[in-house]
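Letter by letter, the chains look like this.
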Amino acid sequence: MEGALREGGGEPGLKLIETVLWDGRAAPRWPLHRARMRRSAELLGWACPDVAPSGPDHPARLRLTLDRAGRVEWQVAPLPPTKAAWRVGLAEARLRSDDPWLRVKTTRRAVYDAARAGLPEGLDEVLFLNERGEVCEGTITTVFFDRGQGMRTPPLSSGLLPGVLRAELSCPEEVLGAEDLGAVRLWVGNALRGLIPAVWTG
């Protein structure tokens, strides 16, 4: 995996991304973001400067990007609107469980962006499957589920990003098949929005 990422790390315009929740005074999940960014930079063979977030005196969305020259940029935007639950369906595209680029959050996001841009009316998110029919992740979220034995999340071996919320919750990993989506309690979430109850639409 590391060899493929280092080889692709020189791709023009490639950047690492971290999308950070700013609560008006601090970024509560920043240590987890920083750890992931450093790990991703190492995999790409990039330098990773020591940076710290700062933001306005109200809650906001911070977006950090880092390029191979070590340049860091911050963007500030309003927080996205919240909903009590998200309606979730299935993405048409499939992911490859052995794709090393799924393990780093970069601007190489064409499959995710296309699926999000094409969300069917009434859906808030779609979930990707891999070549084995295992649930991976959403376009902007990690998947969490409960079969009745407590919260679980798909393993990285299914092909997905090591999400910050996933690291924070630290729940056990378990493979989730597409056929099981209608039979489990379901959530999606990310570091910006937190954990969101999900309604599977089939």
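Before any of the text, the structure's been laid out above.
Residues numbered from 1 in each chain as written. Predicted model: local features only at pLDDT ≥ 70, side-chain atom pairs only at ≥ 80, totals over all residues. Heavy atoms only, no water.

J.: How do you make sense of the sheet that holds strand β1 (residues 15-22) when you look at a structure like this?
T.: Backbone hydrogen bonds are what pair the strands of a sheet, in a parallel or an antiparallel way. Strand order in the open sheet made by the three strands is β1-β2-β3, with antiparallel pairing throughout. Edge positions in the sheet fall to β1 and β3 (72-77), since each of these pairs with one other strand and no more. Going across the sheet, the axis of each strand differs from the next one's by a mean of 20°, ignoring polarity. Pairing analysis gives eight bridges linking β1 to strand β2 (residues 60-67), with the strands arranged antiparallel. Bridge pairing in β2 places tryptophan 22 opposite alanine 60. The strands that helix α2 (residues 30-44) touches are β1, β2 and β3; relative to β1, the one it contacts most, it runs at about 180°. (Pairing = 2+ DSSP bridges. Helix = DSSP H or I, 4+ residues; strand = E, 2+ residues; numbered from the N terminus. Axes fitted to C-alpha atoms, helices over the stretch in contact; angles between N-to-C directions. Contact = heavy atoms within 4.5 Å.)

J.: So what exactly am I meant to see when it comes to the environment of isoleucine 17 here?
T.: Residue placement: isoleucine 17 occurs in strand β1. The residues contacting isoleucine 17, other than those within four sequence positions of it, are Arg63, Leu64, Thr65, Lys105, Thr106, Thr107 and Arg109.

J.: Would you explain the pairing of strand β5 (residues 125-130) in this entry?
T.: The side chains of a regular strand alternate, first on one face of the sheet and then on the other. Of all six residues that make up β5, six are buried, and the element is covered over most of its length. Residue alternation in β5 divides its side chains into two sets, Glu125, Leu127 and Leu129 and Val126, Phe128 and Asn130, and both sets are buried. Read from strand β4 (residues 86-95) through helix α3 (residues 110-117) to β5, the crossover connection turns out right-handed. Pairing geometry for β5 and strand β6 (residues 135-138), over two bridges, is antiparallel. In the strand pairing of β6, leucine 129 is matched with valine 135. The loop that links β5 with its antiparallel partner β6 comprises four residues; one of these, glycine 133, has a positive phi angle of about 80°. (Buried < 20%, exposed > 50% of the residue type's maximum accessible area, 1.4 Å probe, protein only. Right-handed = clockwise from strand over helix to strand, strands pointing away.)

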